[in-house]
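Chain by chain, the residues run as shown.
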Amino acid sequence: MFGRDKDTDVIETLPMVPLRDVVVFPHMMIPFVIGRQSSIKALEHALGKGKRIFLSAQHDASRDNPGPGEIFTLGTVCNIVQSLKLPDGNVKVLVEGLERARALEFKEEGGFFRVVVKVVPRSADEPEIDLEAVQTRVIGLFEQYVKLSNNLHYDAMLAAVRVEDPGKLADTIAAHLAVAVEDKQRLLETFSPAERLARIAQILEAEVEKLQVDRRIQGRVKKQMERAQKEYYLNEKMKAIQKELGRKDDKGSETDELRKKIEACKMPKDAREKALAELKRLESMPPMSAEATVSRNYLDWLVAMPWAKRTRERKDLVLAEKILEEDHFGLDKVKERIIEFLAVRQLVDEPKGPILCFVGPPGVGKTSLARSIARATNRKFVRLSLGGVRDEAEIRGHRRTYIGAFPGQVIQMIKKAGSRNPVFLLDEVEKMSMDFRGDPSSALLEVLDPEQNKTFSDHYLDVEFDLSQVFFIATANVVQSIPQALHDRLEVIRIAGYTEREKVEIARRHLLPKQLKSHGLTAENVTLSDDTLSEMIRRYTREAGVRNVERELQSVLRKVARKVVGLGRGFHVEVTPENLAEYLGVPRYRTDRQEEKDEIGVATGLAWTEVGGEILPIEVTLMPGKGQLQLTGKLGDVMQESARAALSFVRTHAVRLRIDPAFNRKLDVHIHVPEGAIPKDGPSAGITICCALVSALTSRAIRRDVAMTGEITLRGRVLPIGGVKEKLLAAHRIGIRTIILPRENEKDLADVPGPILESLSVHLASHIDEVLKIALVGPDAPREAETATEGLDERPGGMTH
């Protein structure tokens, strides 16, 4: 049905077929298959009515029965050139596009759409000069596109575009572009040939550039594939040659060897499956590739781990105790703990591994004690120094994706031990730090938790490894620096400094024989008596451990070795306290550091340091002034507060202590702690400062043979302090025999060696009045002294009289 309106527009009613992912252009011959019943009915109707049909694309190709709103209104009026019914009921159709047309009205009749279409008239001709330039550019781009595209026949395509009509040229090229349906639909809806050619030029430029990039990539891939195929061919040829010669190829023997190792090392099921999967990957890789090297290293680590290897543990308590006594003198508490552990091992087959932490000053034998434990239990020994470690990967390892990745130090040390139940020493555990790479102390939490380390997972191995059989021992100099969460998992055993008698025994039993051997000497060349060793320890060293003792022995033996070389192997010398200075020079320390006489304003305190206990003399002097308090000696904040608290107590109780209550308006007080270059802090000097103040203000001397330690409150109560053992050892070392301690520290006296405690007179005080009564020289005593020592807990603060 044709009709014309007053503007001579062509109106026509035609059957319509919606198309999936296809846009038909005028002047285009295209075959396609029709399968929907509605489309077949529309085709049959068109074949009976002049073979003209309207074709338009669907918006959504997945829709089987699109409505009028789901079909583009602009399509193409086509002529059916040929149709063929297929055996499966579908119809194959060949159509030729004639003209653009716009659907004005959709009617559903007889099970298909009939549409009223308005034919789009062709645009008026553009200026020939402009169009010729655009046409030439588009044809040139299309030639490049056809050359680069593998889907288009070069000669046929170039023949198709040899047309002069710009509209026909644009439609022909648009029909052969491999672009999205939406882009083709926009080209169909562009009526001006000049605009259509300009858009096609833009699309062709983008497509040509894309195809050029694809061609370059394909070239590289092809070269790599050719190289891989060449390697494969040569490898297969080499295998064939090896087979003819009766030999096995290297790679085959390597994979067979790895498979045997995997089967032999008795891995857990998960680790074994992972190892076999990695081995299968390795077999398919070229032997010289980088990935093959990574896989080979990974498998080497897996098979090298002691999955089922363990040393037979010695459970003989008598023999273990004998070995510990041979290696170390003293340290009874530590030895007792080890024997207890072995006793439990005899009663329980699979107890959880203990995690001990030896805390003590340098040189007291923490590391060597861990070695002795390994020897006593017949376990392998490995040591990991954690000082300065700041990367979490040092504990957990790096993932295999990184170049040069390795397992963490924990797994490396277990492999080095070759046993799943070694003694594992974590040295200097408190000296770890953290930065942007993570917190290694947090990574250690899993390692040192008996509930978790059974399934420890290293980032590199990526399989679980059982650390529950490992005997972990950590060491530290101070417990305060250990992170709280880590400290919670450790059983802390404190190792205090040695007494002089213990140092002499250690030097005679262990250090001297060791140094004689290392210097090539024998006991016939040199003799050192116990008195000589005591003199060396007392006047040339000042430490809690024995490292400096060992250095001084080395100095003596070097000089002896020189004389042996000069005078012959039969040379013998006896080193005595009198000639010790010839070998070690002028003594560095005085034997007795206590005051030579009782003095006013000078009290002897006791302090704890990282290397053991020390004597802390405190001096107080008074001068005319206005009550200012001056503190010197590099004192920390806590120690300065203790001094102010002591002064406040003295001012509050001035009348009872027989002190002028107005002294603070007439006198300035200067408190000094000698050795001013050394920082000092802590509250334990409180009662010492108070004694020195009372002594200075009452002009009563303090006994030089008394040392004291304790914190003071504003009410005069004496509070407990730490480091009792070390402080008492320091007092004993310099000859002080009368010690004043807080009463609540009575329990700590059990840690002091018996001979030391027997030689000391220890007084326990709960109030400062008791301290003053013992420490001050003279008959005068504070008023109500008897009352002050009774019921001190009920004493109100800030009492004045």
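Everything below is about the structure shown above.
For the structure given in this document, a descriptive report is provided here. (Residues numbered from 1 in each chain as written. Predicted model: local features only at pLDDT ≥ 70, side-chain atom pairs only at ≥ 80, totals over all residues. Heavy atoms only, no water.)

1. Here we look at the pairing of strand E2 (residues 10-19)
Move 1: Among the 10 residues of E2, eight are classified as buried, and the element is accordingly described as predominantly covered.
Move 2: Here E2 pairs with strand E4 (residues 52-57) via four bridges, running parallel. Counterpart to Pro18 in the pairing with E4 is Ser56. (Buried < 20%, exposed > 50% of the residue type's maximum accessible area, 1.4 Å probe, protein only. Helix = DSSP H or I, 4+ residues; strand = E, 2+ residues; numbered from the N terminus. Pairing = 2+ DSSP bridges.)

2. Description of unusual backbone geometry
Move 1: For Lys266, which is not glycine, the phi dihedral falls at a positive 55°.
Move 2: Within the secondary structure layout, Lys266 lies in the loop between helix H7 (250-264) and helix H8 (269-283).
Move 3: Here Lys266 falls in the exposed class, since its relative accessible area comes to 62%.
Move 4: Positive phi outside glycine occurs at Lys634, with the angle close to 60°.
Move 5: Relative to the helices and strands, Lys634 is located in the loop between strand E20 (629-632) and helix H21 (637-652).

3. With respect to the layout of surface pockets
Gaps left between atoms are located by rolling a probe of water-molecule size over the structure's atoms.
Move 1: Approximately 630 Å³ is the volume attributed to the second largest pocket.
Move 2: If you trace the second largest pocket, you find 25 residues lining it, with His328, Gly363, Gly365, Ser368 and Val546 closest to the centre.
Move 3: At the level of secondary structure, the elements contributing two or more residues to the lining of the second largest pocket comprise helix H12 (366-377), helix H17 (500-518) and helix H19 (547-567).
Move 4: Here the lining of the second largest pocket gets six residues from one element, more than from any other, and that element is H12.
Move 5: Taken together, the residues that form the lining of the second largest pocket break down as seven nonpolar, nine polar and nine charged. (1 Å grid on protein atoms, 1.4 Å probe; cavity = no way out; pocket = protein on both sides within 12 Å on 5 of 7 lines; lining within 4 Å. Points joined across faces, edges and corners; volume = space filled by probe spheres on them. Nonpolar A, V, L, I, M, F, W, Y, C, P; charged D, E, K, R; others polar.)

4. Looking at the pattern of salt bridges
Move 1: Taken as a whole and assessed by the stated rule, the structure comprises 40 salt bridges.
Move 2: A salt bridge links Arg281 to Glu291, with the nearest nitrogen and oxygen atoms 3.0 Å apart. Placement of Arg281 in helix H8 and of Glu291 in helix H9 (residues 290-304) is noted, with a sequence separation of 10 residues between them.
Move 3: What makes Arg281 partly exposed here is its relative accessible area of 37%. (Salt bridge = Lys/Arg side-chain N within 4 Å of Asp/Glu carboxyl O.)

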